[in-house]
Amino acid sequence: MADAKVIPFDDDRSRSGGSSRAARRRSPGRANGSVSALPGQLDAGLPSEGPTAGPERPEEAAVAPEDTGRGGWDRRIAGGLAFLRRRVTGEYDVDEFGYDKELTDQVLMSVLRPMYEKYFRVEVKGIENIPSDGGALVVANHSGTLPLDGLMLQVAVHDNHPAGRHLRLLAADLVFMLPVVNELARKAGHTLACAEDAERLLRQGEVVGVMPEGFKGIGKPFGERYKLQRFGRGGFVSTALRAGVPIVPCSIVGAEEIYPMIGNSKTLARLLGTPYFPITPTFPWLGPLGAVPLPTKWTIQFGEPIPTDGYPVEAAEDPMLMFNLTDQVREQIQHTLYKLLVQRRSVFF
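Residues numbered from 1 in each chain as written. Predicted model: local features only at pLDDT ≥ 70, side-chain atom pairs only at ≥ 80, totals over all residues. Heavy atoms only, no water.

Identification of the chain as Acyltransferase family protein from Streptomyces brevispora is taken from an unreviewed UniProt entry.

1. Overview of the environment of S346
With respect to the helices and strands, the residue S346 is situated in the segment after α11 (319-343). Among the residues examined, S346 registers a relative accessible area of 23% and is labelled partly exposed. For S346 and G254, which are 92 residues apart along the polypeptide, the C-alpha to C-alpha distance reads 10.0 Å. A polar contact is formed between the side chain of S346 and the backbone nitrogen of F348, at a distance of 3.1 Å. A polar contact of 3.3 Å, which involves the side chain of S346, links it to the backbone nitrogen of F349. (Helix = DSSP H or I, 4+ residues; strand = E, 2+ residues; numbered from the N terminus. Buried < 20%, exposed > 50% of the residue type's maximum accessible area, 1.4 Å probe, protein only. Polar contact = N/O pair within 3.5 Å; in protein donor to acceptor, adjacent residues only side chain to side chain.)

2. Some details on the side chain of E257
Along the chain, E257 turns up in the loop between β6 (247-253) and β7 (263-264). Discounting residues that sit within four places of it in the chain, E257 has contacts with F222, R225, Y226, L294, T296, R344 and V347. (Contact = heavy atoms within 4.5 Å.)

3. Re the side chain of E102
Counting through the fold element by element, E102 comes out in helix α4 (residues 101-119). When its relative accessible area of 6% is taken as the criterion, E102 is described as buried. A distance of 3.2 Å separates a polar atom in the side chain of E102 from a polar atom in the side chain of R87.

4. Let's talk about the layout of surface pockets
Of the voids in this model, the largest pocket is the one considered here, and its volume is about 1,200 Å³. If you trace the largest pocket, you find 45 residues lining it, with L146, P147, L148, V175 and V181 closest to the centre. At the level of elements, α4, α5 (148-160), β3 (167-171), α6 (181-187), β5 (207-210) and α8 (215-218) are the ones that each hand at least two residues to the lining of the largest pocket. Residue composition of the lining of the largest pocket, grouped by class: 33 nonpolar, 10 polar and 2 charged. (1 Å grid on protein atoms, 1.4 Å probe; cavity = no way out; pocket = protein on both sides within 12 Å on 5 of 7 lines; lining within 4 Å. Points joined across faces, edges and corners; volume = space filled by probe spheres on them. Nonpolar A, V, L, I, M, F, W, Y, C, P; charged D, E, K, R; others polar.)

Take a look at the structure:
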C-alpha cells in the first residue's frame, strides 16, 4: 500500500510533498467501539434551531417530546458533562484519517449551522440523489475566494440526507499546512485530495466530496463568476471507476458573491506563500471587517448520479473514457448552474 501511486485531483495545488499517509496525524483515542449519543446528550449542550430545508435532523428526531421540559435540560447537561469527560480522558474514537464523528456531530456542525441556516439560508435540492448506503463521489463547483462552500456542502448533506449520511471532503495540501485548521479539518472528516485516500474511503462505503477546480475556482475574478474552470486531469473519474461508485454532480449558487474578487495582488501572494491574495470592495480596506462575507442566498442542487459500476476494470486506465466522463460531469454542473441562475430572483433574497 505504501508504494501506491498517488494521483492528485487538481494540477495547480501547491504540493506539501510525501504521501498522504505520511501527512496524516491521528488524534488520541482508545479503540473502545463507536461512541453513540444518547437522547439529551446531543449537541453537547449547544442547542440550535432546525434546518430551513430538508428532513428533520436525526439528532432532533432522537429527542423525545418530554426532553423539552426540566428533565430534558437535566439530561442535556448530563450528556454535555459526559461529552467533556470523554474529551478529557481520551475515551473517544477517531478513524485512520483522524475523523472524529462525535466531535463533528455535536460541536463542529453546531458551530457551522447558524451560518448555514440564518446567514446564507441554504436551500437544498435533489439530496435524494445521494445513495442511502454505499460509496458515492460528489463532484461540485468551487468558488467564493475562501472555501466556505465546502463547509456548507458538508452541513447540507449532514442535516438533510434522510439516511443521515456524512460527507468526507478532499482538501488541498495547503489546508493541512495551517495550524489549528489542520486539526479541525482532520476531525471534521477531511483528508488529502489524492486518489489513494479517496479510493479507500469510497470502498469503505463513504460519501466523498471533491471540487476539481481547486484554487482556480475559488481564486477566479468576479467577472468570471459561475464559469467553470478546468477539472484537472480527471483523476476523480478514474478513482470512481476503480471503486465502482456513482458520481453525483453538485451545483452551488450563491458562493460566488460572498467575496467579490476584483483584484489579485500576486506579489503579496508570493510573499505569503498562497495561491492568490484577493482584493475585494471591502478587503483589505476595512481590515478584519472586510473578511466578513456578504449574506447571499445559497442554493445547493445535487444532480442525477452517473453510474460507473458497468465499466470493466481496465476502464480506469482509458484516457478517452476519463475525458468523456469528466466532460459529462462538468457540463451537467454548468448546465444546472445556468438554470439556477435563471430561476434566482435576487442575490440576497
